[in-house]
Amino acid sequence: MIWQADFYRRPQQDTSGQVFWHLLIIDSTLNFKYEASCLQSQANSAWVASQIRQAADKLPDIIQVFRPQSLSLIEQAANILGIKIEATRRTAALKKWLEEKQQFTALDKPPPAPLSENLWGDQWRFATLQAGNITEFFSERPIPILETPDFLLPINLGLASTVPVPGMVIYGGRKSMGLARWLQSNRPVALNYIAGAPDGLVLEAGLVDRWIVATFEDEEVTAAAKLYQQRKQQTQGLHFLLVQPDDSGMTYTGFWLLQEV
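Calculation notes
- Residues numbered from 1 in each chain as written.
- Predicted model: local features only at pLDDT ≥ 70, side-chain atom pairs only at ≥ 80, totals over all residues.
- Heavy atoms only, no water.
- Buried < 20%, exposed > 50% of the residue type's maximum accessible area, 1.4 Å probe, protein only.
- Helix = DSSP H or I, 4+ residues; strand = E, 2+ residues; numbered from the N terminus.
- Pairing = 2+ DSSP bridges.
- Core = buried A, V, L, I, M, F, W, Y, C linked by side-chain atoms within 4.5 Å.
- Contact = heavy atoms within 4.5 Å.
- Expected span 1.5 Å × (residues − 1).
- UniProt positions renumbered as here; feature names shortened; annotations may be inferred.

Where an unreviewed UniProt entry is consulted, the protein chain appears under the name Tab2/Atab2 family RNA-binding protein, with the organism given as Plectonema cf. radiosum LEGE 06105.

**Describing the pairing of strand E10 (residues 188-194)**
Across the seven residues of E10, six count as buried, placing the element largely inside the fold. Here E10 pairs with strand E11 (residues 199-205) via six bridges, running antiparallel. The residue of E11 that forms the bridge with Ala190 is Glu204. If you look at the hairpin formed by E10 and E11, you'll find four residues sitting between the two strands.

**What to know about the nonpolar core**
Among the nonpolar cores identified, the biggest contains 37 residues, and Phe7, Ile25, Ile52 and Ile63 are the most heavily contacted of them. Sorting the residues of this core by element identifies strand E1 (2-13), strand E2 (19-27), strand E3 (33-39), helix H1 (45-55), strand E4 (62-65), helix H2 (68-81), strand E5 (84-87) and helix H3 (92-100) as the ones contributing at least two each. Setting aside anything within four residues of it in sequence, one finds Phe7 in contact with Trp21, His22, Leu23, Cys38, Ala43, Trp47, Val48, Ser70, Leu73 and Ile74. If you look at the next biggest cluster of nonpolar residues, it comprises 24 residues, including Leu119, Leu179, Trp182 and Leu241.

**Considerations on unusual backbone geometry**
With an omega of 5 degrees, the peptide bond running from Ala197 to Pro198 counts as cis. Within the secondary structure, Pro198 sits in the loop between E10 and E11. Not every positive phi belongs to a glycine, and Gln236 is a case in point at roughly 60 degrees. Relative to the elements of secondary structure, Gln236 occurs in the loop between helix H7 (219-233) and strand E13 (238-244).

**Side note on H2**
For H2, spanning 14 residues, the distance from its first C-alpha to its last is 20 Å, which sits close to the expected 20 Å at 1.5 Å a residue. Taken together, the buried positions of H2 are occupied by Ser70, Leu71, Ile74, Ala77, Ala78 and Leu81. Positive backbone phi, approximately 75 degrees, marks Gly82, located one or two places after H2.

**As for the UniProt feature "domain: RNA-binding protein Tab2/Atab2 C-terminal" (unreviewed entry) in the protein chain**
Per the UniProt entry, the sites bearing "domain: RNA-binding protein Tab2/Atab2 C-terminal" (unreviewed entry) are residues 104-259 in this numbering. Between the C-alpha atoms that bound residues 104-259 there is a distance of 21 Å. The span itself is 23% helix and 36% strand.

**What about the environment of Leu107?**
Within the fold, Leu107 resides in the loop between H3 and strand E6 (113-114). Along the primary structure Leu107 and Ile52 are separated by 55 residues, whereas in three dimensions their C-alpha atoms are 24 Å apart. Residues contacting Leu107, with those up to four places away along its chain left out, are Phe66, Arg67, Pro68 and Val208.

Here you go:
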């Protein structure tokens, strides 16, 4: 069982000037909801743990948290109860509930940081895979690092098998495994084209991290980047990132299914 939770300081004070914190807990189906408030002086992991205990007869296996500011307290509370915490942006049910309560505001994100030179590969290119071939692609090849959650599989998104799913292929050469391990540890979420001077590809990762994966000024590359972004609109934001040593098609290092959040 998986819950999604948020613990945040309410922007409004009450009539006596008291500051309150609010805890929201929900499951992905929106069938289970729990909320509670406390004074700022009570906002600690012990209070959060007590509320999680009260929320339902059965505790969840995992609690997902998207807000960096609430992660530490909820994690401490979950540790008390023996519950695993997953830090993820993919908490659609919780964010929908926050929007309904008019309590959701976009998180502050740092400007994208350049990828370290000791990680960067030899070259990269845009690519596509037909939606119907994606499962076959990674099931028939030995890929050491593979991140393909069920909810992102094209069939579970209802995509037609002939829809081209866009992606990026990085040829990492000798740095291929180092790059793939770095990507896995930073938890890729989405890879977006950003127009600018120069244009670029920015990797959204973790809860709010952003990394510059590539920059370019070539008109042909820019046209390909715009097509890449357009194709994502036809796939419900689904796209992929593939890391391999070279273009021989013989070995693969890492494959991630991604989706804009």
